[in-house]
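Residue-level structure breakdown
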Amino acid sequence: MRPSRKEALRKKTRREFLQGSALMTVSGAAPIVIPSQTLGLAGQVAPSERITLGVIGIGPRATYNLQAMLQLPDIRCVAIADVSAERRQAGKALVDKHYGNQDCRVYRDLRELLDRQDIDTVMVATGDRWHATASMMAAKAGKHVYCEKPCGLTIELCQQIAEVFRQTKKVFQAGTQRRSVPNFQYAVELARSGKLGKIHTLYASVYEPILLNSWLPREKTPPKEILDWNLWLGPAPWRPYNSAYVQGQWRGQWDFDSGARLLDWGAHTVDLCQWAIGADDTMPVEFEPQKERIICRYANGVRLILEFLKTPFGDRSPQFITRLGTCPVRFVGDEGWVETGDEGEIEVQPASLRADIPERVKRVKGLDVSAHARNFFDCVRRGGQPAAHAEIMRNSHIACHAAAISWILDRPLRFDPNTISFPGDEEANVLRSRPLRDPFEGA
């Protein structure tokens, strides 16, 4: 028995139906003409197959990420939220120029963007103080989230992010893009292959920690529509406005930064080290601060050494080879070692292993965020966990935070990965969390 016309139409996809409709005519009328971009022809992606994107925070890092995301044909950026009028208008100009229209909407308050039901995903790229709160708000609003690192200011917030994304079943990708860069991927692959022997020491480069608690001089607060200072502060404690904060001098400030600045690079490099030894589901159990490094130890005896670098390209630790770029890591086994950084070069011993480096790895120079974004959007479309999902972020970030706490207290600490606590050490346990301010109260 042949299916009815109604049943046949129901079985067609929206795309098939539209393509078929383009050939249909109405009796006594001109043919129905549907633009090729609507059908997904001529290299275009049909609107029904696009993933819509909203951006929360559009500073330099977000702009860099967004420029890569705009090149993905199935992604459509439709909205930007930022507390700064200048930044949100600059973001709109970038998006509208790319698409050749004026369709990108801008918002001062991220809640207005999150209220839009037509937005599938958001990129959170505010300062550190907002990352966790905005990501969890987005998940609860039904959005998938790509969040720049460090994703949480505290151990507690990193735990909360992982729990919220477990509950909401939304896709979360931490902006630890080196998980998706070929030279770092190959270094990890080599460490896990056994060709270096048993890995016993990991080196992660980090900025030299700093801890600031002083306020800059008070300046006149701008009008809310120019810059919403209350929303800029977000969950962080209130303090008087100073334009230097907005221009980047919030870094290193305890109220605004993550782990005494240790997570600026540590969120990347510690993450790679954990990946290299298959420790994505755990973290070190001991932390010992020293003058130029923090020595961490896993339960299996592997050492993770956080080497302080005073500047990205100068005053390097002797543990790292120069000219390999920012965020270098080194994995050392009892039969050899491998080191790489953002320039894309790979140093390896024994030298015989150089011949095994694939051409696809040698060809890539520098840091490209496109693959990490593509991985996120593919998981949104097809399901599955992305390269830097919430649980991976939770564990590597907590490792960094625990190391920072040992540096702040200037003494060795023991840590229990199962309870996420410092056993019997109330002074250290207090530093796992901070009070959060309600940024919307009275708004």
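Above: the structure in question.
Residues numbered from 1 in each chain as written. Predicted model: local features only at pLDDT ≥ 70, side-chain atom pairs only at ≥ 80, totals over all residues. Heavy atoms only, no water.

1. A look at the overall build of the protein
- In terms of helices and strands, the protein carries 16 helices and 14 strands.
- The burial tally for the protein puts 53% of its 443 residues in the buried class.
- For the protein, the share of sequence-separated contacts (at least 6 apart) that also reach a separation of at least 24 residues comes to 65%.
- A total of about 20,200 Å² of accessible surface is found on the protein, and carbon and sulfur atoms cover 50% of it. (Helix = DSSP H or I, 4+ residues; strand = E, 2+ residues; numbered from the N terminus. Buried < 20%, exposed > 50% of the residue type's maximum accessible area, 1.4 Å probe, protein only. Contact = heavy atoms within 4.5 Å. Areas by Shrake-Rupley, 256 points an atom, 1.4 Å probe, with all protein chains shown as cover.)

2. Comments concerning helix 12 (residues 263-276)
- The end-to-end C-alpha distance of helix 12, which contains 14 residues, comes to 18 Å, matching closely the 20 Å that a straight helix rising 1.5 Å per residue would cover.
- Counted residue by residue, helix 12 has 14 buried out of 14 residues, so it is predominantly covered.
- Positioned one or two residues after helix 12, Gly-278 has a phi angle of 65°, which is positive. (Expected span 1.5 Å × (residues − 1).)

3. Section: unusual backbone geometry
- Each neighbour pair has its own omega, and for Lys-149 with Pro-150 the value is -15°, a cis peptide bond.
- One can find Pro-150 in the loop between strand 5 (144-147) and helix 8 (155-168).
- Omega for the bond connecting Gln-349 with Pro-350 falls within 30 degrees of zero, at 5°, which places this linkage in the cis form.
- Its location among the elements puts Pro-350 in the loop between strand 13 (346-349) and helix 13 (359-363).
- Phi at Lys-169 is positive, roughly 60°, even though this residue is not glycine.

4. A word on the sheet that holds strand 5
- Read across the open sheet, the 6 strands follow the order 3-2-1-4-5-6; overall the sheet is parallel. Looking at strand neighbours, the two that pair on one side only are strand 3 (105-107) and strand 6 (172-174), the edges of this open sheet. Neighbour-to-neighbour, the strand axes of this sheet turn through a mean angle of 20°, independent of strand direction.
- Pairing geometry for strand 4 (residues 121-124) and strand 5, over 4 bridges, is parallel. Paired with Met-123 across the two strands is Tyr-146, which belongs to strand 5. (Pairing = 2+ DSSP bridges. Axes fitted to C-alpha atoms, helices over the stretch in contact; angles between N-to-C directions.)

The quantities given are spatial measurements derived from coordinates; they are silent on function.
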